[in-house]
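# Geometric and topological summary
If you want the building blocks of each chain, they are given just below.
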Amino acid sequence: MRFAVLADIHGNALALEAVLQDMDMLGLSTAVNLGDFFSGPLDAAGTANLLMEQNFPSIRGNHDRYLIKQAPSEMGPSDIMAFHQLDTTHLDWIASLPETLTLFDEVFLCHGTPKSDSTYWLERVNDDGTVRSATLQEVQADGVGVDASLILCAHTHIPRCIRLPDGRTIVNPGSVGCPAYDDDAPVYHHMQTGTPNASYAVVEARRLGWSISFRSVPYLSDKASELAAKNGRPDWARSLASGWFSE
């Protein structure tokens, strides 16, 4: 069993196209998608059309939930821009997706943690806004009750792989389309990968356990940055061009 793991595309159709091409080069036709497909100042409709055509097993992320649960007047700037680009078919597709999913009897998909699509799992934010890796005890606490041997999460956009003492492997594939961002929950902080490349993972079941390969794929990130700037988001333009939110 071998497949790709995609997450946090955030409307970046250019990055998604590059990842799909990279998958083709690796001979991969199967993938799972961990949500946050469209939110951002880029090409939500183009991303939606491309994703729906692939028909990958997918779950909703927190920003997907906002697109179908919040009134437009309550949406943040990235969500409302994506919302106005999407049509009813796209929104109905989001609404049809589950919040979590178990595949192959041993692979569990969630966006944030198994119980929350808006909570960081493998990272924590300190009171002063600095970001640290979660402790083993913190990671284990959020994984109680999930028996799958491979657990896939997203949301922080940071590629990570952790193996728990009981043998379970937790993987965050990173972000296909948004390499850096800021947020104000629980306090103001930055998440940044330091590269503009599109990130995803390839996982493979082997006799001794799960093999995890992280892919960092260059693409026309300057074009994505230009589109963000054109749409009035200099913060996204900077992040897409460099992989840093704050240089």
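The structure this text deals with has already been given above.
Description of the structure in this document. All figures in this text were calculated on a predicted structure; none of them were measured in a lab.

## Focus on the sheet that holds strand β4 (residues 107-109)
One open sheet holds the five strands; their spatial order is β3-β4-β7-β9-β8, and the pairing between them is mixed. Since the sheet does not close on itself, it has two edges, and those belong to β3 (101-103) and β8 (160-163), each with one partner. Between one strand axis and the next, the sheet turns by 20° as a mean value, whatever way the strands run. Taken together, the three bridges between β4 and strand β7 (residues 150-152) define a ladder with parallel strand orientation. Counterpart to Phe108 in the pairing with β7 is Ile151.

## Digging into the pattern of salt bridges
Applying the stated criterion across every chain, the model contains 10 salt bridges. Ionic pairing is found between Asp117 and Arg65, a salt bridge with its closest N-O pair at 2.7 Å. Taken as a pair, Asp117 in the loop between β4 and β5 (123-125) and Arg65 in helix α3 (residues 62-69) lie far apart in primary sequence, 52 residues in all. A salt bridge links Arg124 to Glu138; its shortest N-O distance comes to 4.0 Å. Taken as a pair, Arg124 in strand β5 and Glu138 in helix α6 (residues 136-142) lie far apart in primary sequence, 14 residues in all.

Calculation notes
Residues numbered from 1 in each chain as written. Predicted model: local features only at pLDDT ≥ 70, side-chain atom pairs only at ≥ 80, totals over all residues. Heavy atoms only, no water. Pairing = 2+ DSSP bridges. Helix = DSSP H or I, 4+ residues; strand = E, 2+ residues; numbered from the N terminus. Axes fitted to C-alpha atoms, helices over the stretch in contact; angles between N-to-C directions. Salt bridge = Lys/Arg side-chain N within 4 Å of Asp/Glu carboxyl O.

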